[in-house]
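The lines below spell out each chain.
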Amino acid sequence: MMDTKCCAACGQKFEPNPHSPRQAYCSSPPCQRTRKRRWHKEKLLHDPDYVDNQARAQQAWCSRHADYWGNYRGEHPDYVEQNREKQHDRNAKNRGKVIAKMDASNNPNDSLGLHSGLYQISPVRGSVIAKMDLWIVEIRVLSHFPMPDQ
Ligand SMILES: [Zn+2]
């Protein structure tokens, strides 16, 4: 008769694998994920080499990513220039106005068009969006005139 153990994640009784009698988690996928997560956390706390490796991996990933964007911008100067102009336009338009912040929950598939619905707005003071004041407003689109450059 095998000794049954109590899983450290779900608390269910389970029979440890005879090859790993110290097994503390049952074999269900969520409990195995919990085991790995805890193992990872434990490693981060107590294993400086592991932490170092993780940091390096993260950094390597980031610099690869940065390279990607750096190259993209380098190879698409139009994109950069266009973007800068658009941002400049937007800044000019937004000064002293309110911006409707698209709530993703309204239009999960279309973040480009303004649709009737509830929006969260916050005032722009100078070029800084005020973080304090937020209103939920209802916007009803009565007519729509596309901008020439869109
Ligand atoms: Zn379990």
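Residues numbered from 1 in each chain as written. Predicted model: local features only at pLDDT ≥ 70, side-chain atom pairs only at ≥ 80, totals over all residues. Heavy atoms only, no water.

Participant: Looking at this structure, how should I read the pattern of salt bridges?
Facilitator: Pairing of side chains with opposite charge becomes possible as their charged atoms draw close. Counted according to the given criterion, the structure contains two salt bridges. Here Asp-47 makes a salt bridge to Lys-43, at a shortest N to O gap of 2.9 Å. With a closest N to O distance of 2.6 Å, Asp-52 and Arg-56 form a salt bridge. Of this pair, Asp-52 and Arg-56 both sit in helix H2 (residues 48–75), four residues apart, which is roughly one turn of the helix. The class of Asp-52 is partly exposed, set by a relative accessible area of 38%. (Salt bridge = Lys/Arg side-chain N within 4 Å of Asp/Glu carboxyl O. Helix = DSSP H or I, 4+ residues; strand = E, 2+ residues; numbered from the N terminus. Buried < 20%, exposed > 50% of the residue type's maximum accessible area, 1.4 Å probe, protein only.)

Participant: Could you clarify how one ought to interpret helix H1 (residues 29–46) in this entry?
Facilitator: Count 3.6 residues to each turn of an α-helix, and residues three or four apart come out pointing the same way. Between its terminal C-alpha atoms H1 stretches 25 Å, which fits the 26 Å expected from 18 residues at 1.5 Å a residue. Residues Cys-31, Gln-32 and Thr-34 constitute the buried set of H1. Looking straight down H1, one finds that the buried residues subtend no more than 155 degrees of arc, so they occupy a single side. Of the residues in H1, the exposed ones pointing more than 90 degrees away from the buried face are Pro-29, Arg-33, Lys-36, Arg-37 and Lys-41. (Expected span 1.5 Å × (residues − 1). Arc of directions from axis to C-beta.)

Participant: Please explain the confidence of the model for the chain as it appears in this structure.
Facilitator: When pLDDT drops low, the exact placement of atoms in the prediction is not to be read closely. Residue-level pLDDT values for the chain average 73, and 56% of them are 70 or greater. Across the chain, element-level confidence peaks in strand S2 (residues 13–14) with a mean pLDDT of 94 and bottoms out in strand S3 (residues 98–101) with 49. Considering only residues more than four positions removed or in separate chains, one finds that residues 102–111, a stretch of pLDDT under 50, has ten contacts. (pLDDT = per-residue confidence, 0-100. Contact = heavy atoms within 4.5 Å.)

Participant: Before we go on, may I ask you to explain the packing of aromatic side chains in this structure?
Facilitator: Each aromatic ring pair is described using two quantities: the centre-to-centre distance and the angle formed by the ring planes. Considering all chains together, one arrives at one aromatic pair under this definition. Both rings, one in Trp-39 and one in Tyr-50, keep their centres 5.6 Å apart while their planes meet at 75 degrees; by these two values the pair is edge-to-face. Residue Trp-39 is found in helix H1, and its partner Tyr-50 is found in helix H2; the two are separated by eleven residues along the sequence. (Phe/Tyr/Trp six-rings, centres within 6.5 Å; stacked < 30°, edge-to-face > 60°.)

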